[in-house]
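# Topology and contacts: notes
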Amino acid sequence: MSLQSFQYGSDTYEYSICHIPLRAEKIAIHVFPNGAIQVDAPEGSALPEIKKAVLKRSRWIARNVQEARERLTHILPREYKSGESHFYLGRRHVLKVHASSDNQPSVKLLRGKLEVVCKTSEPGVVRKSMVQWYRARAAQIFHARLMERAGRISWVTETPKLKLLTMKKQWGSCSSSGTIILNPHLVKAHRECIDYVILHELCHLKEHNHSPRFYRELDRHMPNWRSVKGRLDGMSETILVS
Ligand SMILES: [Zn+2]
């Protein structure tokens with residue numbers, strides 16, 4: 001990763017360049033929910049070429065950074081009211097709260113909206129339903145992804161045990177007995193990010209530290225993990241605060 005910057009209007013925008021494997025053909029520019037700018041460039045791209053691509057889209061980047069910053073200030077703290085946006089699998093969904101004592105309490109994802117039916121629209125009650133829903137979705141998705149990923153790794157002979165644990169600053173960890181621990185908030189991130197965290201922990205079953213050998217395994221199993229990690233870091237403030 002290297003850091004560069006460009007000028008737009010009176011502001012300077014810093015961006016990190018992430019070199020990704022040659023499979024990708026072109027330069028891709030991302031603006032994350034925290035306002036960070038990441039440029040994914042195929043390995044071997046020359047710096048002037050990258051800078052040119054960034055400058056060409058400077059207006060778009062500046063607008064998106066401004067929007068992200070503005071949203072961040074509005075997002076905190078969560079109120080659990082209709083109209084607020086919440087993430088699920090990397091997508092922003094608008095929350096719709098129905099207070100109804102006739103219907104069973106439920107949380108559903110319908111046409112891009114997260115619809116919550118509760119006895120009251122009191123934020124604490126809505127929050128509780130949503131936390132339970134996220135946790136149930138997390139358990140199902142993480143389990144499926146863990147099976148899939150573990151099946152492709154030579155040193156994993158049986159699917160490790162999975163445990164969910166809400167953590168403030170960590171997406172996952174791996175216990176000494178080989179249990180994979182994942183933060184249910186991770187289900188708010190893109191599938192690719194979920195896979196990255198799972199893979200990271202699976203590599204710890206072989207290498208228990210962040211040694212060069214550990215990173216070699218990560219590179220081998222997910223060549224673009226640095227870009228995926230950037231994406232996850234870029235939304236962590238947004239999804240860990242809820
Ligand atoms: Zn680690």
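Quick caveat, the model's predicted, so the values are computed rather than measured.

### Points about the pattern of salt bridges
Taken as a whole and judged by the stated rule, the model has 11 salt bridges. Across the pair Arg-149 and Asp-195 runs a salt bridge, and its minimum N-O distance is 3.4 Å. Note that Arg-149 is positioned in helix 3 (residues 123-150) and Asp-195 in helix 4 (residues 191-204), a separation of 46 residues in sequence. Both residues of the pair, Arg-149 and Asp-195, count as buried. Arg-213 serves as the salt-bridge partner of Glu-207, at 3.1 Å between the closest nitrogen and oxygen. Each of Arg-145, Glu-148, Arg-149, Arg-152 and Asp-195 takes part in one network of salt bridges that share partners.

### Points about the nonpolar core
Grouped together as the largest cluster of nonpolar side chains are 44 residues, with contacts concentrated most on Phe-142 and Leu-186. For this core, the secondary-structure elements that each account for two or more residues are strand 5 (85-88), strand 6 (91-99), strand 8 (113-118), helix 3, strand 11 (180-182), helix 4, helix 5 (212-221) and helix 6 (225-240). With nine residues, the single largest contributor to this core is helix 3. Both domains that meet at this core, namely domain 2 (85-130) and domain 3 (133-240), each give it at least three residues. In this structure, Leu-186 is in contact with Phe-142, Trp-171, Cys-193, Ile-194, Val-197 and Leu-232, ignoring residues within four places of it in sequence. Membership of the second largest hydrophobic core comes to 14 residues, among which are Phe-6, Ile-37, Ile-50 and Val-65.

### A closer look at the packing of aromatic side chains
Scanning all chains against the criterion turns up seven aromatic pairs. Summarising the aromatic geometry, the rings of Phe-6 and Tyr-13 are spaced 5.3 Å apart at their centres and angled 20 degrees between planes, so their arrangement reads as stacked. Both residues of the pair, Phe-6 and Tyr-13, belong to the buried class. Pairing Tyr-88 with Trp-133 gives two aromatic rings, centres 4.9 Å apart and planes at 50 degrees, and the pair type is tilted. In this pair, Tyr-88 is assigned in strand 5 and Trp-133 in helix 3, connecting sequence segments 45 residues apart. You can call Tyr-88 buried: its relative accessible area is 7%. The structure contains a cluster of three or more aromatic residues connected by ring pairs, namely Tyr-196, Phe-214, Tyr-215 and Trp-225. For Arg-57, the ring lying beneath its charged end belongs to Trp-60, and the centroid distance is 4.2 Å.

### With respect to the coordination of the zinc ion
The protein atoms that coordinate the zinc ion are His-200 (NE2), His-204 (NE2) and His-210 (NE2), at distances spanning 2.0 to 2.1 Å. Mapped onto the sequence, the residues coordinating the zinc ion show the spacing H-x3-H-x5-H. Of the two residues, His-200 and His-204 both sit in helix 4, four residues apart, roughly one turn of that helix. Take His-200 and His-204: they sit in the same class, and that class is buried.

What counts, and at which threshold
- Residues numbered from 1 in each chain as written.
- Predicted model: local features only at pLDDT ≥ 70, side-chain atom pairs only at ≥ 80, totals over all residues.
- Heavy atoms only, no water.
- Salt bridge = Lys/Arg side-chain N within 4 Å of Asp/Glu carboxyl O.
- Helix = DSSP H or I, 4+ residues; strand = E, 2+ residues; numbered from the N terminus.
- Buried < 20%, exposed > 50% of the residue type's maximum accessible area, 1.4 Å probe, protein only.
- Core = buried A, V, L, I, M, F, W, Y, C linked by side-chain atoms within 4.5 Å.
- Domains from an automatic or database assignment.
- Contact = heavy atoms within 4.5 Å.
- Phe/Tyr/Trp six-rings, centres within 6.5 Å; stacked < 30°, edge-to-face > 60°.
- Lys NZ or Arg CZ within 6 Å of the ring centre and 35° of its normal.
- Donors = N, O, S within 2.8 Å, 3.2 Å for Na, K, Ca; no water.

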